[in-house]
Structure formats: structure tokens, C-alpha cells
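Architecture and fold: a report
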Amino acid sequence: VPPVIKHLKIANLASKWHTFALSWTSSRIVWYIDGSAVFTVHQHIPHRAMYFIANLADYQMSSGRACDGTMLIRSVKIWQQ
């Protein structure tokens, strides 16, 4: 069973544009925000083709409300080593 992310301490992402990145190798997946690694996993790494999906899917927030925000995407770049 993959690990469950309970809570990540991340600054207010609504204040300006940000760069999000994902590095996915056969041994780990690392998520980045503005060039800084914010989460890494070394287990349960998928080894098959995947599709890119950008959405606001979210579990309920700590305040008890569902996510009601807006997401603006300026560009998407995907490359393979």
C-alpha cells in the first residue's frame, strides 16, 4: 500500500506564480516547488506509462471545507531523459 501524505507545510501558493516539477526515476519520485524538493518517496514507484492530469482534486482541508480555489496554468513542459 502506498504511503498516505497527511500534511505538507507549504507557504501560500496563491500569492504569485510558481514552478512545480516532478522527477520520476526507477528508484524514487521527488516533487519540487520553485526548485526546492518538498516531498520524496522511495517505495511503490510506478514502472509503467502514465498520463499528465492537472486539477484541483483535494481531500477536505483542515478547516473542513472542500477546495474551492482556482488554478491557472501558464505552460506545461514534459520531457524524458
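The coordinates are above.
Residues numbered from 1 in each chain as written. Predicted model: local features only at pLDDT ≥ 70, side-chain atom pairs only at ≥ 80, totals over all residues. Heavy atoms only, no water.

**Quick notes on the overall build of the protein chain**
Here is the rule we go by: Secondary structure is summarised from DSSP: a helix means a run of H or I of at least four residues, a strand means a run of E of at least two, and numbering begins at the N terminus for each. Accessibility here uses a 1.4 Å probe with only protein chains present; expressed as a share of the type maximum, an area under 20% marks a residue as buried, one over 50% as exposed, and anything in between as partly exposed. Here, two residues are considered to be in contact whenever any of their heavy atoms come within 4.5 Å of each other. Here the open area of atoms and residues is found with the Shrake-Rupley method and a 1.4 Å probe, where only the protein chains shown may cover a residue.
Looking only at helices and strands, the protein chain features zero helices and three strands. The order of α-helices and β-strands along the protein chain, N terminus first, is β-β-β. Counting every position in the protein chain, which comprises 81 residues, the buried fraction comes to 7%. Considering only residue pairs separated by 6 or more positions, the protein chain has 21% of its internal contacts joining residues 24 or more positions apart. Of the roughly 7800 Å² of accessible surface on the protein chain, 55% is carried by carbon and sulfur atoms.

**Brief notes about the side chain of His 18**
To be explicit about the condition: The definition of a polar contact used here is a pair of N or O atoms within 3.5 Å, where within protein one atom must be able to donate a hydrogen and the other to accept one, and adjacent residues in sequence count solely through side-chain atom pairs.
Along the chain, the position of His 18 falls in the segment before β1 (20-24). Reaching out from His 18, the side chain makes a polar contact with the backbone oxygen of Lys 16 at a distance of 3.3 Å. There is a polar contact of 2.6 Å between the side chain of His 18 and the side chain of Asp 34. Discounting residues that sit within four places of it in the chain, His 18 has contacts with Asn 12, Leu 13, Ile 33 and Asp 34.

**Re the environment of Thr 70**
Within the secondary structure layout, Thr 70 lies in the segment after β3 (36-41). A C-alpha to C-alpha distance of 9.4 Å links Thr 70 and Asn 55, two positions 15 residues apart in sequence.

**Points about the packing of aromatic side chains**
This is how the line gets drawn: Stacked, edge-to-face and tilted are the three classes for Phe, Tyr and Trp ring pairs, Trp counted by its six-membered ring, which pair at centre distances within 6.5 Å; planes under 30 degrees apart are stacked, over 60 edge-to-face, the rest tilted. Any Lys NZ or Arg CZ found within 6 Å of a ring centre and within 35 degrees of that ring's normal is scored as a charge over the ring.
A complete count under the given rule lists one aromatic pair for this structure. On the basis of an interplanar angle of 50 degrees and a centroid distance of 5.5 Å, the ring pair of Trp 31 and Phe 39 is categorised as tilted. When its relative accessible area of 22% is taken as the criterion, Phe 39 is described as partly exposed. Positioned above the aromatic ring of Trp 17, the side-chain terminus of Arg 74 is 4.5 Å from the ring centre.

**Re a nonpolar patch on the surface**
Note the following rule: Here, patches come from residues exposed beyond 30% relative accessible area and free of salt bridges, joined within 9 Å for like charges and within 5 Å for nonpolar side chains (Val, Leu, Ile, Met, Phe, Trp, Tyr). By salt bridge we mean one thing: a side-chain nitrogen of Lys or Arg within 4 Å of a carboxyl oxygen of Asp or Glu.
On the surface, a nonpolar cluster with roughly 710 Å² of combined accessible area is contributed by Ile 10, Leu 13, Phe 20, Leu 22, Trp 24, Trp 31, Val 38 and Met 50. Relative to the helices and strands, Leu 13 resides in the segment before β1. On the accessibility criterion, Leu 13 (33% relative accessible area) is partly exposed.

**Side note on unusual backbone geometry**
The backbone phi angle of Asp 34 is positive, close to 50 degrees, even though this residue is not glycine. Looking at where Asp 34 falls in the secondary structure, it is placed in the loop between β2 (29-33) and β3.

**Let's talk about the environment of Ser 36**
Here Ser 36 shows up in strand β3. Here the alpha-carbon distance between Ser 36 and Phe 20, two residues 16 residues apart in the chain, equals 9.3 Å.

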